[in-house]
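# A closer look at the structure
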Amino acid sequence: MTKSGMHTFHLIILPIVLLCCAVGICGETEEQGTCTKDDGVDCGSTSSSLEVSPIITKLDGVEVGHVQDVILGGKTHQMTTLSMKPQVLEIKHFLTDEECDHVIRLAKKDGMFDSVTNTPTKSGSVKVMDMNQDTALSLREFILTIENSFDIYLDEDDMLKMYSELGMDRNGDTEISREELHGQDPKSVIDWLTDYVDKRPYKKSRMSRQAWLYPSKIHDKILDEIQERVVSLVGLPRILIDKNDEFQVVQYGPKGHYHAHWDSGSWAEKYPCCHHVKSGARCKSCRFMTVLLYLNEVEGGGATAFPIANNETFDENSFRMSGKINLHRHCEDANLVVPAEKGKAIIWYNHHLDPTTGWVGEMDSFTLHGGCGVTSGHKWIANKWILVSDKRDKDLDPNFRPNRT
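### A short note on the overall build of the chain
- Helix and strand content of the chain: ten helices and 24 strands.
- A fraction of 74% describes how many contacts in the chain between residues 6 or more apart in sequence connect residues 24 or more apart.
- As displayed, the chain has an accessible area near 19500 Å², and 49% of this comes from carbon and sulfur atoms.

Shown next, in the form of structure tokens:
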């Protein structure tokens, strides 16, 4: 494996942008030399300037297994490429043990609360997932219907128990026909699911507790130092990090998990970015980059899984029908499994870059990931998201204040 002295960036340069003469004034001296008319600068006017469109960049993972040195806060760290589709990078000992323990103490002091998941409601909209359109629901199709409608993840034994207790499967063939479905009172199904998951919270897509820490609010020296380390690592315009400076600290207890999901949303979703609107409005997450920090040694389980990393193709319906979204049951089936190790950071990009604009492009569907179930002990992590939308001017406007989580 090779090493390089510093971390490498892919630069996307717009055709009119001259990075070596960004100020656009003839005779201006920069580190790269002196600007001349050969650089495309109009030397006939001292007031002429070129407008530089800000761009964003990505760290270069080079290839799987590549190791490179990164210097952060005067200390050299080794960054290893775990995957290129999506690009996932790992830095062990990104945090010291003392820093990890301190962040956990800050979160406990701030106050932990249950992570939010959807729950069944009487007004909930149910989309029946008859995937093969045979007018009957197989066990897997009914399981998928409940997942999509209620964010509850049942297995086949759970379903058979529901069929039995509600008398749904009248002919005992484990399929629910249109007649059997229409003959069932929807409220009875919702009430059954509500009671069942209340007693088994691990059946939700996510079971954890969390807190939000804002460096700009609490002015904690250690958290500020971690923030600076992230700034140095990602190499993005600082304003993107300073305007959205929060850390999400998450605790997973026994059976705690987060089934496979995306951290960001697709531009095809016609909703504004959540950090651009007031709380409560319908919106989508716009998280260009994820920096995940492991804060403790986990006794058992708790890895981070990327189920479809390095697949040639991805079909969401087929994946969901396979049941592999459930990381309680299918953690080890994932193509990439990253063990939880205290002080380690893993980094990935939730979006591609747009080669035309030099800004954020479409979401990378291969970033589907989740937290495997904790089988023993507890797991603590911190998430740092770099929020970037398709509204470049808003993101870079120092006077536009984003919505706090």
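Alright, that's what it looks like, and here's the rest.
### Focus on unusual backbone geometry
- Residue proline 86 is reached from lysine 85 by a cis peptide bond, and omega for that bond is 5 degrees.
- Topologically, proline 86 is positioned in the loop between strand 6 (75-84) and strand 7 (87-91).
- One non-glycine residue, histidine 219, lies in positive phi territory at about 50 degrees.
- Examined against the element boundaries, histidine 219 turns out to sit in the loop between helix 6 (215-218) and helix 7 (221-234).
- We classify histidine 219 as exposed; its relative accessible area is 61%.
- A positive phi is found at lysine 255, a non-glycine position, where the angle reads about 70 degrees.

### Topic: the packing of helix 3 (residues 156-166) against helix 5 (residues 186-199)
- One way to put it is that helix 3 packs onto helix 5 with a least axis distance of 11 Å and a crossing angle of 130 degrees. On the basis of their axis angle, the class for helix 3 and helix 5 is oblique. Considering how the two elements wind past one another, helix 3 and helix 5 form a crossing that is right-handed. In this structure, helix 3 uses Asp158, Lys161, Met162, Glu165 and Leu166 to contact helix 5, whose residues at the interface are Ser188, Val189, Trp192, Leu193 and Tyr196.
- A breakdown of the residues in the contact of helix 3 with helix 5 according to their chemical character gives six nonpolar, one polar and three charged.

### Describing the nonpolar core
- Residues Phe94, Leu233, Phe288, Met289, Leu293 and Leu295 are the most contacted members of the largest nonpolar core, which totals 46 residues.
- Here this core takes six residues from helix 7, the largest share from any one element.
- Beyond its immediate sequence surroundings of up to four residues, phenylalanine 288 is in contact with Ile56, Thr57, Lys58, Leu236, Trp348, Tyr349, Asn350, His351, Leu353, Val360, Ile386 and Val388.
- Membership of the second largest hydrophobic core comes to 19 residues, among which are Ile143, Ile152, Met162 and Val197.

### Side note on the side chain of glutamate 90
- Inspection of the secondary structure puts glutamate 90 in strand 7.
- Among the polar contacts made by the side chain of glutamate 90, one reaches the side chain of lysine 344 at a distance of 3.1 Å.
- With residues near it in sequence (within four places) discarded, glutamate 90 still touches Gln78, Met79, Thr80, Leu82, Val338, Lys344, Ala345 and Ile346.

### What about empty space enclosed by the protein?
- Scanning all chains against the criterion turns up one cavity of 30 Å³ or more.
- Looking at the largest cavity, its volume works out to about 40 Å³.
- For the largest cavity, the full set of lining residues is Leu95, Val103, Leu213, Leu223, Ile226, Phe247, Val249, Leu293, Leu295 and Ala382.
- The set of elements that each furnish at least two residues to the lining of the largest cavity consists of helix 7 and strand 13 (247-252).
- Its residues assigned to classes, the lining of the largest cavity comprises ten nonpolar, no polar and no charged.

### So, the pattern of salt bridges
- Using the criterion set out here, one finds 15 salt bridges in the structure.
- Measuring nitrogen to oxygen at the nearest pair gives 3.9 Å for the salt bridge that ties lysine 92 to glutamate 341. Of this pair, lysine 92 sits in the loop between strand 7 and helix 1 (97-110) while glutamate 341 sits in the loop between strand 18 (336-338) and strand 19 (345-349), and the two are 249 residues apart along the sequence.
- With a closest N to O distance of 3.0 Å, glutamate 165 and lysine 161 form a salt bridge. Pair noted here: glutamate 165 and lysine 161 are both in helix 3, with a separation of four residues, about one helical turn.
- Since its relative accessible area comes to 47%, glutamate 165 is described here as partly exposed.

### Describing the sheet that holds strand 18
- Spatially, five strands are ordered 11-14-22-17-18 in an open sheet, and the strand pairing comes out antiparallel. Either end of the sheet is taken by a strand with one partner, and the two such strands are strand 11 (206-207) and strand 18.
- Judged from the two bridges that link them, strand 17 (residues 304-306) and strand 22 (residues 369-371) form a sheet pairing that is antiparallel. Paired with alanine 305 across the bridge in strand 22 is glycine 370.

### Examining helix 1
- Between its first and last C-alpha atoms helix 1 spans 20 Å; for 14 residues at 1.5 Å apiece the expected length is 20 Å, and the two agree.
- Restricting attention to buried positions, one finds in helix 1 the residues Glu99, Cys100, His102, Val103, Ile104, Leu106 and Ala107.
- Its buried side turned inward, helix 1 meets strand 12 (209-213), helix 6, helix 7, strand 13, strand 15 (287-294) and strand 24 (379-387).
- Of the residues trailing helix 1, glycine 111 is marked for its positive phi of about 110 degrees.

### Details of the layout of surface pockets
- Roughly 270 Å³ of internal volume is contained in the second largest pocket.
- Along the walls of the second largest pocket sit 16 residues, with Val126, Phe142, Leu181, Pro186 and Val189 positioned nearest its centre.
- Among the secondary structure elements, those contributing two or more residues to the lining of the second largest pocket are helix 2 (139-150), helix 4 (178-182) and helix 5.
- Counting residues per element, the lining of the second largest pocket draws most heavily on helix 2, which supplies four residues.
- In the lining of the second largest pocket, the residues fall into eleven nonpolar, four polar and one charged.

Scoring rules and cut-offs
- Residues numbered from 1 in each chain as written.
- Predicted model: local features only at pLDDT ≥ 70, side-chain atom pairs only at ≥ 80, totals over all residues.
- Heavy atoms only, no water.
- Helix = DSSP H or I, 4+ residues; strand = E, 2+ residues; numbered from the N terminus.
- Contact = heavy atoms within 4.5 Å.
- Areas by Shrake-Rupley, 256 points an atom, 1.4 Å probe, with all protein chains shown as cover.
- Buried < 20%, exposed > 50% of the residue type's maximum accessible area, 1.4 Å probe, protein only.
- Axes fitted to C-alpha atoms, helices over the stretch in contact; angles between N-to-C directions.
- Parallel < 35°, antiparallel > 145°, perpendicular 65-115°, else oblique.
- Left-handed = near helix turned anticlockwise from the far one by under 90°.
- Nonpolar A, V, L, I, M, F, W, Y, C, P; charged D, E, K, R; others polar.
- Core = buried A, V, L, I, M, F, W, Y, C linked by side-chain atoms within 4.5 Å.
- Polar contact = N/O pair within 3.5 Å; in protein donor to acceptor, adjacent residues only side chain to side chain.
- 1 Å grid on protein atoms, 1.4 Å probe; cavity = no way out; pocket = protein on both sides within 12 Å on 5 of 7 lines; lining within 4 Å.
- Points joined across faces, edges and corners; volume = space filled by probe spheres on them.
- Salt bridge = Lys/Arg side-chain N within 4 Å of Asp/Glu carboxyl O.
- Pairing = 2+ DSSP bridges.
- Expected span 1.5 Å × (residues − 1).

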